[in-house]
Amino acid sequence: MRIAVLSDIHANLVALEAVIDSLGSVDRVWQLGDVVGYGPEPDGVVERLKALKAQGVRGNHDTTAVSGEGLDWFNPEARAAIEWTRSTISEATRTWLAALPTQWQDEERGMDLVHGSPRDPLWEYITSGNVARANMDALPPGTPIGLHGHTHVPVAWRADESGRVTLIRPANGDRLELDERPILLNPGSVGQPRDGDPNASYLVLDTDGAVATWHRVAYSIPATQDSMRRAALPFRLIERLSYGV
Ligand code: ZN
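Residues numbered from 1 in each chain as written. Predicted model: local features only at pLDDT ≥ 70, side-chain atom pairs only at ≥ 80, totals over all residues. Heavy atoms only, no water.

A. The coordination of the zinc ion, seen in detail. Bound to the zinc ion are the protein donor atoms Asp8 (OD), His10 (NE2), Asp34 (OD) and His152 (NE2), situated 2.1 to 2.4 Å from the metal. Sequence positions of the donors to the zinc ion reduce to the motif D-x1-H-x23-D-x117-H. Highlighted residues: His10 in the loop between β1 (2–6) and α1 (13–22) and Asp34 in the loop between β2 (28–31) and α2 (42–51), separated in sequence by 24 residues. (Donors = N, O, S within 2.8 Å, 3.2 Å for Na, K, Ca; no water. Helix = DSSP H or I, 4+ residues; strand = E, 2+ residues; numbered from the N terminus.)

B. How the structure looks around the nonpolar core. Leu6, Leu16, Val19, Val35, Leu49 and Leu97 are the most contacted members of the largest nonpolar core, which totals 42 residues. Looking at this core element by element, the count peaks at six residues for α1. Excluding residues within four positions of it along the chain, Val19 makes contact with Leu6, Val190, Ala200, Tyr202 and Val217. (Core = buried A, V, L, I, M, F, W, Y, C linked by side-chain atoms within 4.5 Å. Buried < 20%, exposed > 50% of the residue type's maximum accessible area, 1.4 Å probe, protein only. Contact = heavy atoms within 4.5 Å.)

C. Layout of helix α8 (residues 235–243). Inspection of α8 places Leu237, Ile238, Arg240 and Leu241 among the buried residues, and these make up the whole buried set. Considered in projection along α8, the buried side chains sweep an arc of 165 degrees and stay on one side of the axis. Along α8, the residues that are exposed and aim more than 90 degrees away from the buried face are Phe235 and Tyr243. Turning to α8, the residues buried within the fold contact α4 (76–88) and α7 (221–230). (Arc of directions from axis to C-beta.)

D. Focus on the sheet that holds strand β9 (residues 175–177). Spatial ordering of the open sheet is given by β3-β2-β1-β11-β12-β9, a layout of six strands whose pairing is mixed. Only two strands of the sheet have a single neighbouring strand rather than two, namely β3 (55–56) and β9. Alignment of β1 against β2, held across four bridges, turns out to be parallel. The residue bridging Val5 from the neighbouring strand is Trp30, located in β2. (Pairing = 2+ DSSP bridges.)

E. Broad picture of the pattern of salt bridges. Tallied over the entire structure, the rule returns 13 salt bridges. Put simply, Glu77 and Arg236 hold a salt bridge, and the shortest N to O gap is 3.5 Å. On the criterion of sequence distance, the pair formed by Glu77 in helix α4 and Arg236 in helix α8 is long-range, its members being 159 residues apart. Residue classification places Arg236 among the partly exposed residues on the basis of a relative accessible area of 41%. With a closest N to O distance of 3.7 Å, Asp197 and Arg216 form a salt bridge. Of this pair, Asp197 sits in the loop between β10 (183–186) and β11 (200–206) while Arg216 is found in strand β12 (residues 211–217), placing the two residues 19 residues apart along the sequence. Several salt bridges converge on common partners, so that one network encompasses Asp106, Glu108 and Arg109. (Salt bridge = Lys/Arg side-chain N within 4 Å of Asp/Glu carboxyl O.)

F. Looking closely at the packing of aromatic side chains. Counted by the stated rule, this structure contains five aromatic pairs. In textbook terms, an aromatic cluster arises when at least three aromatic residues are bridged by ring pairs, as seen for Trp73, Phe74, Trp123 and Tyr125. (Phe/Tyr/Trp six-rings, centres within 6.5 Å; stacked < 30°, edge-to-face > 60°.)

G. Just the sheet that holds β10, in detail. Spatial ordering of the open sheet is given by β4-β5-β6-β10-β7-β8, a layout of six strands whose pairing is mixed. Either end of the sheet is taken by a strand with one partner, and the two such strands are β4 (103–106) and β8 (165–168). Neighbour to neighbour, the strand axes of the sheet diverge by 20 degrees on average, direction disregarded. The sheet contact formed by strand β7 (residues 155–159) and β10 spans four bridges and is antiparallel. Residue Ala156 lies in a different strand from β10, and its bridge partner there is Leu185. Set on the sheet, helix α6 (residues 129–137) makes contact with β7, β8 and β10; between it and β7 the angle comes to about 65 degrees. (Axes fitted to C-alpha atoms, helices over the stretch in contact; angles between N-to-C directions.)

Below is the structure:
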């Protein structure tokens with residue numbers, strides 16, 4: 001089975017469409033939260049995910065957009081975008097986001113899905129080996145493969161036989177074989193990459209071959225930026241898409 005794993009789409013419908021066009025045939029689409037926030041087309045992205053029957057989890061931006069909870073946590077630009085999102089989204093979008101779980105397991109394939117981290121699904125960033133190790137230990141029993149987003153940087157954290165954790169920074173097209181050892185996989189961000197490459201990032205799991213493959217795809221950044229300007233979203237959020245930071 002081929003499963004596309006998308007994260008941090010952030011209401012960037014142009015980027016999401018480019019990713020979908022590049023996927024080829026997949027059996028499932030999973031998403032790891034932050035469907036909305038920052039970007040200009042929250043309703044369009046949710047409609048597209050519904051049409052794809054995407055399964056997945058809620059992120060911190062999604063949570064605040066539907067409930068207001070945690071608004072003080074965000075910097076001024078992110079907060080402005082969330083407030084714009086709150087005032088713009090349809091009731092159907094709000095209902096769909098609110099119904100997403102914060103953690104979800106595919107027990108058959110041994111996979112755990114969260115936005116931030118297994119021990120703190122909404123808010124924690126996995127950015128160091130120590131935090132990765134603690135979160136491998138926090139993976140629910142029977143799910144050694146942890147899928148998460150939130151940092152907007154495509155990486156994998158893998159534990160070797162001695163328990164030492166290593167960081168892997170996959171480039172476009174890089175493949176990683178999966179085995180029974182615990183591993184944390186981050187697909188990077190579809191809608192607002194932050195690793196210096198502005199192209200949309202995602203990964204595909206081949207569960208029969210037990211392989212994860214990362215992909216980058218170009219999209220029309222100016223088209224998304226034009227929509228953001230029309231929505232009067234903060235300048236810095238518009239600019240950063242050009243640089244992938
Ligand atoms: Zn995000």
